[in-house]
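Report on the structure
Here are the chains, one letter per residue:
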Amino acid sequence: MSAVVQAIRGMNDLLPDDTSMWQQVEKVLRETVQAYGYQEMRMPIVEKTNLFSRAIGEVTDVVEKEMYSFIDRSGDDLSLRPEGTAGCVRACIEHNLIVNQEQRLWYMGPMFRHERPQKGRYRQFHQMGVEVFGLEGPDVDAEIIAMSHSIFKKLGIADDLQLQINTLGNSQERALYREKLVKYLEEHFEELDEDSKRRTHTNPLRVLDSKDENVQRLLVNAPKLSECLGAETTAHFSRLLQMLSALGIKYVINEKLVRGLDYYNLTVFEWVTTALGAQGTVCGGGRYDTLVELLGGKPTKAVGFGLGLERLMLLLTTLNKISIRPHVDVYVVGSGENIDLKMLQLADNLREQLPQYRIMTHCGGGNFKKQFKKADRLGAKVAVILGENEIANHTVTLKDLLNQDAPQQECPETQVVAMLNMLLKDK
RNA sequence: GUGGCUAUAGUUCAGUUGGUAGAGCACUGGAUUGUGAUUCCAGGUGUCAAGGGUUCGAGCCCCUUUAGCCACCCCA
């Protein structure tokens, strides 16, 4: 309660109950990306500031006012990464991973944005990201969307998320549309709200997803991006939609989905939920075919997505799809003279021979009632009992804690491992 | 960054025009010195977010700060 030392605003501690659930989710994420043959990348958390301003776009909010930037001791302008794609692309260029070859990569870790914190939006948050380089077809777009879908299926929330999808066309098509849209917006400039007025000249496509009702009414008659798209773009998009249907993935085309980072082109998508208020986007991504070249690499097609782990966790807990798991399988209890030493020895021996189980020794003494209560609270499945009788008989008693009626078994020391293994096998 | 709401025990929350804190759950010990549930008994574990002000007296009123939440903004 003392306010002397507090965590930084918007940066959270994950406590044991939290990490219990995070680890379950991280396991699903790792298993899924590995099932698709993707390889892990680990990039630094700090990069040169200009990497992000070049990659994400000078006039985006992320770069303009949300980065944790500082000058380090040697005078370099550095920033905590606000997202993962820029650093991943930089690393791939720097180590020649994408010259004449394709890469399918993933990463996971903390990102930093100085925004006003809210539920589902934090200053240090975590993303799992996927990036594919050197493949230009809609097949790989479909693959990563299917991968995200697979994650949600495994976590039991696929029905609670809606896939919204759109195509932004290539840069010529977008430039043409931008011109038309700006012209239209300027004709109705006085009807726009303040934010939309500002964006008309900085980032006009963002006016499309404005929440202002008047603006949305006005947009009904505005030029449509789809009217500016050429045959190639249309073919890419319709083929992608076909593939999604074939994979049994439902989608909603959202022509106003534009996304805030400048590097996207062609395919863009978001997985959104209504269960998290204003922070409903759990996963978002798309194609960024020009970014590698923009950052000094050989022109390389690319597509990827970012998945917000806090939002994912929030959704899972809100929908009761995840719970805290016990962190102990076996609890060693004991009573008698010098029993503490024997308990430690026994537990060590068991851990060596049964490394797959989590074995905890009761410390701090107390009567059996107290010790069993503790075992129960911890969710242990089996109690290993060492008492005076057992010491005298060179035995150990095993008790099945999940089945109250099961008789406990006293077995010779030499058979403990085998018996324990049998008891735990099906639990 | 803008506007608004909130902050009392581990937790969810009461707390009367201002009279120095209380309930449920949880937790600890005991009834039961070789055994988990239930029951019963006992225990309040608190700098009332922090700092300042008004007052004889502040959890309550005023100011500042901090943090959380809601919407905007933005995005994961």
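For the structure, see preceding data.
What comes next is a walk through the structure.

**Examining the overall build of chain A**
When helices and strands are counted, chain A shows 15 helices and 16 strands. Relative to a compact globule of 427 residues, whose C-alpha radius of gyration would be 22 Å, chain A shows 28 Å and is clearly more extended. By principal-axis analysis of the C-alpha atoms, chain A measures approximately 95 × 55 × 45 Å. By residue count, 51% of the 427 residues in chain A fall in the buried class. Here the analysis covers contacts within chain A between residues at least 6 apart in sequence; of these, 68% occur between residues at least 24 apart. On chain A, roughly 22100 Å² of surface is accessible, and the fraction owed to carbon and sulfur atoms is 48%. Between the centroid of the 51 positive side chains of chain A and the centroid of its 58 negative side chains there is a distance of 3 Å.

**Notes on the pattern of salt bridges**
Taken as a whole and judged by the stated rule, the model has 20 salt bridges. As a salt-bridge pair, E102 and R104 come within 3.6 Å of each other at their nearest N and O atoms. Residues D209 and R206 are paired through a salt bridge, measuring 2.5 Å at the closest nitrogen-oxygen approach. The class of D209 is partly exposed, set by a relative accessible area of 30%. Since its relative accessible area comes to 23%, R206 is described here as partly exposed. Each of the salt bridges in this network shares a partner with another, and the network as a whole consists of E47, R90 and E94.

**Details of the nonpolar core**
Counting residues in hydrophobic clusters, the biggest one holds 96 residues, and the most contacted among them are M128, F133, F152, L307 and L312. A per-element tally of this core places helix α5 (residues 138-154) first, with eight residues. Counting residues domain by domain, this core receives three or more from each of domain 1 (16-169 + 243-318) and domain 2 (172-228). Setting aside chain neighbours within four positions, we find L312 in contact with V25, F152, L155, I157, V282 and L307. One finds A347, M419, L420 and L424 within the second-largest nonpolar core, a separate group that totals 21 residues.

**Things to note about the protein's contact with RNA strand B**
Of all residues adjacent to RNA strand B, which total 50 residues, the nearest are R199, R206, R259, L401 and Q408. Considering the 4 Å shell around the protein, atoms of RNA strand B inside it are sugar or phosphate in 56% of instances. Within the contact set of RNA strand B, a base oxygen lies 2.7 Å away from a side-chain nitrogen or oxygen of N389. Counting only elements with at least two residues in the surface near RNA strand B, the list comes to β6 (124-133), α7 (194-202), β10 (281-287), β11 (302-308), α13 (368-378), α14 (388-393) and β15 (395-400). No other element matches the seven residues that α13 contributes to the surface near RNA strand B. Of the residues belonging to the surface near RNA strand B, the class tally is 12 nonpolar, 15 polar and 23 charged.

**Here's the deal with unusual backbone geometry**
Located in the positive-phi region is N100, a residue other than glycine, with phi close to 55°. Structurally, N100 is set in the loop between α4 (85-94) and β5 (103-112). The exposure class of N100 is exposed, given its relative accessible area of 66%.

**So, the packing of helix α2 (residues 49-56) against α4**
Interhelical geometry of α2 versus α4 gives an angle of 105° and a closest axis separation of 9 Å. The angle between the axes of α2 and α4 places the two elements in the roughly perpendicular class. Residue-level contacts link L51, F52 and A55 of α2 to A86, G87 and R90 of α4.

**Section: the pairing of β5**
Of all 10 residues making up β5, nine are buried, and the element is well covered by its neighbours. Examined bridge by bridge, strand β1 (residues 39-40) and β5 share two bridges and lie parallel to one another. Considered in β5, the bridge of Q39 is made with L105.

**Section: a nonpolar patch on the surface**
A surface patch of nonpolar side chains, about 210 Å² in accessible area, is lined by I45, V46 and F70. Within the element layout of this structure, I45 appears in the loop between β1 and β2 (46-48).

**Some details on empty space enclosed by the protein**
Counted under the stated rule, the structure contains one cavity of 30 Å³ or more. Looking at the largest cavity, its volume works out to about 30 Å³. M43, P44, E47, F52, R81, E83, G84 and G87 are the residues that line the largest cavity. Residues belonging to the lining of the largest cavity are distributed by class as follows: three nonpolar, two polar and three charged.

**Here we look at the layout of surface pockets**
There is about 780 Å³ of room inside the second largest pocket. Every element with two or more residues in the lining of the second largest pocket is listed here: α6 (171-187), α9 (231-246), β9 (265-272) and α10 (291-294). In terms of residue count, α6 provides more of the lining of the second largest pocket than any other element does, five residues in total. Looking at which domains feed residues into the lining of the second largest pocket, each of domain 1 (16-169 + 243-318) and domain 2 (172-228) gives three or more.

**As for the environment of H362**
Its location among the elements puts H362 in the loop between β13 (359-361) and α13. Using a relative accessible area of 5% as the deciding quantity, one classes H362 as buried. Once the C-alpha coordinates of H362 and M343 are considered, the two residues, 19 residues apart in sequence, prove to be 8.1 Å apart. Among all residues touching H362, those that are not within four sequence positions of it are Y331, V332, V333, M343, Q371 and K374. At a separation of 2.8 Å, a polar atom in the side chain of H362 contacts the side chain of Y331.

Parameters and conventions
Residues numbered from 1 in each chain as written. Chains lettered and ligands numbered in written order. Predicted model: local features only at pLDDT ≥ 70, side-chain atom pairs only at ≥ 80, totals over all residues. Heavy atoms only, no water. Helix = DSSP H or I, 4+ residues; strand = E, 2+ residues; numbered from the N terminus. Rg over C-alpha atoms; globule rule 2.2 N^0.38 Å. Buried < 20%, exposed > 50% of the residue type's maximum accessible area, 1.4 Å probe, protein only. Contact = heavy atoms within 4.5 Å. Areas by Shrake-Rupley, 256 points an atom, 1.4 Å probe, with all protein chains shown as cover. Lys, Arg positive; Asp, Glu negative; His and termini not counted. Charge placed at Lys NZ, Arg CZ, Asp CG, Glu CD. Salt bridge = Lys/Arg side-chain N within 4 Å of Asp/Glu carboxyl O. Core = buried A, V, L, I, M, F, W, Y, C linked by side-chain atoms within 4.5 Å. Domains from an automatic or database assignment. Near = heavy atom within 4 Å. Polar contact = N/O pair within 3.5 Å; in protein donor to acceptor, adjacent residues only side chain to side chain. Nonpolar A, V, L, I, M, F, W, Y, C, P; charged D, E, K, R; others polar. Axes fitted to C-alpha atoms, helices over the stretch in contact; angles between N-to-C directions. Parallel < 35°, antiparallel > 145°, perpendicular 65-115°, else oblique. Pairing = 2+ DSSP bridges. Patch = residues over 30% accessible without salt bridge, like charges linked within 9 Å, V, L, I, M, F, W, Y side chains within 5 Å. 1 Å grid on protein atoms, 1.4 Å probe; cavity = no way out; pocket = protein on both sides within 12 Å on 5 of 7 lines; lining within 4 Å. Points joined across faces, edges and corners; volume = space filled by probe spheres on them.

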